[in-house]
Every structure is written in C-alpha cells, then in structure tokens.
Amino acid sequence: MRTTLPDRGLSLSDIEGELEAMKADDPDFSLASMKGGADVDEVARLAFMQYFEENPLLGQRLPSLWRMQTEVLDMATDLMHGGPDAAASMTTGGSESIFCAVHAIREWARATKPEIERPRLVIPYSAHAAFTKSCHYMNIELVRVPLGPDYRADLTAMADAVTPDTIGLVGSAPNWPYGRYDPIPELAALADSRGIWMHVDACVGGFVAPFAEDLGVQLPRWDLRVHGVCSISADLHKYGFAPKPASVVVYRSRELHAYQPHVVTDWPTGPYRTETVVGTRPGGAVAGAWAVMRYLGREGFRRTTARMLNNKAQLTAGVREIPGLTVLDTDLGQFIFHPDTELFDSQTVAAGLRQRGWFVFGVQEPPMVSLVVSAVESTVVDRFLNDLEAVVAGIGETTRAEGELNYAS
Ligand SMILES: *Cc1c(COP(=O)(O)O)cnc(C)c1O
C-alpha cells in the first residue's frame, strides 16, 4: 500500500523517536565504509549543520561558502601535485566528477579533433560504472578492455583498443572492485603518444594515497606528477571524511578545465553557467569537507591513514587465521577476501555477516567480500573478526536466501 501524507503532522519528539526506531535495524557501516573516527564525524557534522541551508550554486554571492570551496579545491589540487595552472571543480561525488571529466574530454575532442564523428573512450574492465553511465548520456562509444591476470589494466590490450576515433583513456588509482592501481604512468604515456586524453579515477584513493606515501607505503605513481595525466577524480566523501555529497575533479591546466562548464543563454533568466552537472547542492558538504581538512591537517590525515592501515593489517592477519578464507592483496584501503574451498561461498559469508549486523560490499567476478577499511578504533576490528569466525564456523546454518550481496558502487 502506498504511504500517504499524514493528515495531522507529528511532534518533533515523535519524529525523533521514529527516526531512532528506523535507524535501529540498519547495518553497522563503521568498519567497511571509510570512516575517519568519532571526532572527525563530529567536526563534519558541526560544519554541515552550520551551512545546512546554504547553496553553493550562488557562487561568489555567498562569499563564505565560496571561500571554503576555493580553499578545498586549492588544498586538493596541491595534494594531487597540480602546478600553478591547474584548475578544479567541486562536485557531489565520484559519479559527477567522472561525468564532468568525460564531458570535458568530449568537448575537447569536438574542438581539437573535429574529424571524429563517433568518439570512443577506452577504459579497463574494472573502471567504475559511472564511465558507462556518462558515455551513455553523452553518446560516446565505450570500450571496456579485459584486465590482466593481476586485476590491473592490460597495457597491450588497452593499446590495441585505441582506434583513430578514440578520444581518451582511463586508469583507476586504485580500482573499486579489486583495490589495485592500474599502471598509470604507462597508460598516460600511451595516451600522450596517441595525442589523446588521460583521466585517472582516484575516487577511492585520492584522499588517502598522499598520506600513505608520507608513511612510506610504496604506491605506483598516479597524480599530476605523471606526464600525460590530464584530469583526476577524487572523492572527499570517501577518505576525505567529508559529509556526502562531496568530490573534486582536478585538471592539469585551465585550458583543459575550460571544456567542462556549460552555459545556457536562450531562456528568460539570462546566462546560466554551471561548471558541473547539478544546480543546487548542499552547502553543508562544502563546509564539512573544508572543516575536516582544516581539523586534521596533513598530520591528522597521516594519523587516520596509519590507523586505517593498521586495521587492514589486523584484518589480514585475522582472516588468514580462519581456515578456508583467502585474502586478496590490495594496494591501499580495500580489504577483500573470499573462501578458498568448495564447502561454502562468498555470498554465504556475506549473508552471515549481514545477519550479525555488519555492512560489507561484494564483488561478483570472482565472488568476494569487500570492505573499504575505516580509520576507526581497532576494537571494531576485533568484534568483526570474532563475528566472521563465528559465521564461518556456523556456516551450515546460514543459507544463501538470507542475504544477497549488494553490488551497488
Ligand atoms: C566510489 C567510486 C566512484 C563513484 O563515486 P560516487 O561518489 O559513488 O558517485 C567512482 N570511481 C571509484 C574508483 C570509486 O571508488
């Protein structure tokens, strides 16, 4: 039956009670979805609430929010080693950042390669679904190239897929399904040699890699230090610990960034120029991103990154001790594992974890359980490992029907 608007409104305390009751049955996201810790959440919430009513669409007419957005973009560009000519936009998430970059690539190709009638984008099989979506909306032919056996982009196969109509290449840093970096310097060199655009999707890695690097973690090079990289998407609402929705898209130069905006002139209100896809968006997300970056600073992000990496190491050690489970090596924050026996499968393990209240992500090819590890207290990891052990021990009682893997994102 369809819910109807109540005839008489409820009181504030009734609403509070209802909200609490509704939330009570939700899964525990704390370990699996990139949390920064209770203090970081508090800062983000405070800033979000202060700008609860504001709309960044107003641009410079709302000076304080404009300034915060400018500073967030400056800090992000600096973290990605943009030079003095680099330019960036703030968006509502990875999908919009990707959409903006794909739009810029298409407009750039229209301007500089007018002979191309059916533009084509070449991406690794593991690149995010948002590329397929963007290409669908923008009438670009998309080619997903099979990965190498190491779950990274296969350079030779990518090179073979580049045709005269190809306008750009994509690599992930790292990819969402397997948590591994594509060979960005090699892909960027390939793009450069063919005179096409190279986009790096650092949505999940962009705001943790710089600090992991500070801590001595060896990562493949992925940012604007790499010759040939034209643009990067990086999500503030992932390891930037910003309130949702917040992301950035950064360009090597103002010239490339200038292909992104859109202007409408033939309507009654006068010129309507938007840099990104959406119109109105929440000012709280901008203020929250800004506040968290100021609160943590480089040193604080190093601390959260170290905590996250410790949690991942603890998960790895713990899962290796549970007979029948295998851990997939990942480059950064994703923790991925799967059963190595015929006796039970990933879906059953995920269903068991869900039944115990844990939220986990999933991968289908091959079936695996995935967490994007948070920087929370290690006691949360202890509780998770205990539950995982119990799930595996009691696997016979858990049935496939009790839960489906969530393949979203
Ligand atoms: C999360 C993610 C996206 C999409 O971001 P949304 O914020 O969910 O729109 C794109 N690419 C990668 C690698 C991601 O991890």
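Up top you'll find the structure we're talking about.
Residues numbered from 1 in each chain as written. Predicted model: local features only at pLDDT ≥ 70, side-chain atom pairs only at ≥ 80, totals over all residues. Heavy atoms only, no water.

Draft legend 1. Region of the structure containing the environment of Ile336. Note on placement: Ile336 falls in strand 11 (residues 334-339). Relative accessible area serves as the criterion here: at 0%, Ile336 is assigned to the buried category. Along the backbone, Ile336 and Val363 are 27 residues apart, and their C-alpha atoms lie at a distance of 8.8 Å. In contact with Ile336, other than residues within four places in its own chain, are Pro177, Tyr178, Gly179, Thr326, Val327, Leu328, Thr330, Met368, Val369 and Ser370. (Helix = DSSP H or I, 4+ residues; strand = E, 2+ residues; numbered from the N terminus. Buried < 20%, exposed > 50% of the residue type's maximum accessible area, 1.4 Å probe, protein only. Contact = heavy atoms within 4.5 Å.)

Draft legend 2. Looking closely at the site of the ligand. Taken together, the neighbourhood of the ligand is formed by Gly93, Gly94, Ser95, Ile98, His128, Trp176, Asp201, Cys203, Val204, Asp235, His237 and Lys238. In this structure, a nitrogen atom belonging to the ligand sits 2.6 Å away from a side-chain N or O atom of Asp201. The separation between an oxygen atom of the ligand and a polar side-chain atom of Asp235 is 3.3 Å. Relative to its unbound accessible surface of 380 Å², the ligand loses 88% to contact with the protein. Take the shell around the ligand: its biggest share by element is three residues, from helix 4 (residues 94-112). Of the residues in the shell around the ligand, the class split is four nonpolar, five polar and three charged. (Near = heavy atom within 4 Å. Polar contact = N/O pair within 3.5 Å; in protein donor to acceptor, adjacent residues only side chain to side chain. Areas by Shrake-Rupley, 256 points an atom, 1.4 Å probe, with all protein chains shown as cover. Nonpolar A, V, L, I, M, F, W, Y, C, P; charged D, E, K, R; others polar.)

Draft legend 3. Spatial organisation of a nonpolar patch on the surface. On the surface, Leu10, Ile15 and Leu19 cluster together to form a nonpolar patch covering roughly 260 Å² of accessible area. With respect to the helices, strands and loops of the structure, Leu19 is situated in helix 1 (residues 12-24). (Patch = residues over 30% accessible without salt bridge, like charges linked within 9 Å, V, L, I, M, F, W, Y side chains within 5 Å. Salt bridge = Lys/Arg side-chain N within 4 Å of Asp/Glu carboxyl O.)

Draft legend 4. Highlighting the pairing of strand 7 (residues 247-251). Among the five residues of strand 7, five are classified as buried, and the element is accordingly described as predominantly covered. Where burial is concerned, the two faces of strand 7 agree: the one with Ser247, Val249 and Tyr251 and the one with Val248 and Val250 are both buried. Relative to strand 7, strand 1 (residues 87-91) is paired through five bridges, and the arrangement is antiparallel. Directly across from Ala87, in strand 7, lies its bridge partner Tyr251. Judged from the four bridges that link them, strand 6 (residues 231-234) and strand 7 form a sheet pairing that is antiparallel. (Pairing = 2+ DSSP bridges.)

Draft legend 5. Structural view of the sheet that holds strand 1. Taken in spatial order, the seven strands line up as 1-7-6-5-4-2-3 in an open sheet, and their pairing is mixed. Looking along the sheet, the strands with just one partner apiece sit at the ends: strand 1 and strand 3 (141-145). The mean angle between the axes of side-by-side strands here comes to 20 degrees, regardless of whether they run parallel or antiparallel. Of the pairings in the sheet, the one linking strand 2 (residues 120-124) to strand 3 comprises five bridges and is parallel in character. Bridging from a neighbouring strand, Leu121 pairs with Leu142 of strand 3. (Axes fitted to C-alpha atoms, helices over the stretch in contact; angles between N-to-C directions.)

Draft legend 6. Looking closely at the packing of helix 11 (residues 346-355) against helix 12 (residues 378-393). Two elements in contact, helix 11 and helix 12, have axes separated by 9 Å at closest approach and are oriented at 125 degrees. Overall, the two elements helix 11 and helix 12 adopt an arrangement that is oblique. Note on packing geometry: the crossing formed by helix 11 with helix 12 is right-handed. Residue-level contacts link Val349, Gly352 and Leu353 of helix 11 to Phe384, Leu388 and Val391 of helix 12. Across the contact of helix 11 with helix 12, the residue classes tally to five nonpolar, one polar and no charged. (Parallel < 35°, antiparallel > 145°, perpendicular 65-115°, else oblique. Left-handed = near helix turned anticlockwise from the far one by under 90°.)

Draft legend 7. Representation of the packing of helix 4 against helix 5 (residues 129-137) within the structure. Relative to each other, helix 4 and helix 5 sit at 45 degrees, their axes nearing to 9 Å. By the angle between their directions, the pair helix 4 and helix 5 is classed as oblique. As helix 4 runs across helix 5, the sense of the crossing is right-handed. Residue-level contacts link Ser95, Ile98, Phe99 and Val102 of helix 4 to Ala130, Phe131, Ser134, Cys135 and Tyr137 of helix 5. Of the residues that constitute the contact of helix 4 with helix 5, the class distribution is seven nonpolar, two polar and no charged.

Draft legend 8. Expanded view of the state of the cysteines. For the structure on display, the rule yields zero disulfides. With no disulfide partner, Cys100 has as its closest neighbouring cysteine sulfur the one in Cys203, 11 Å distant. As a non-bridged cysteine, Cys230 has Cys135 as the owner of its nearest cysteine sulfur, 16 Å distant. Taking the relative accessible area as the measure of exposure, Cys230 reaches 13% and is therefore buried. (Disulfide = S-S within 2.5 Å.)

Draft legend 9. Structural view of the sheet that holds strand 12 (residues 361-363). Taken in spatial order, the four strands line up as 10-11-13-12 in an open sheet, and their pairing is antiparallel. Taken across any chain shown, the strands that pair with only one partner, and hence form the sheet edges, are strand 10 (325-328) and strand 12. The sheet shows a mean angle of 30 degrees between the axes of neighbouring strands, taken without regard to direction. The sheet contact formed by strand 10 and strand 11 spans four bridges and is antiparallel. Opposite Leu328, over in strand 11, you have Ile336 as the bridge partner. Its contacts with the sheet place helix 10 (residues 283-320) against strand 10, strand 11 and strand 13 (368-372), and it is angled at close to 10 degrees to strand 11.

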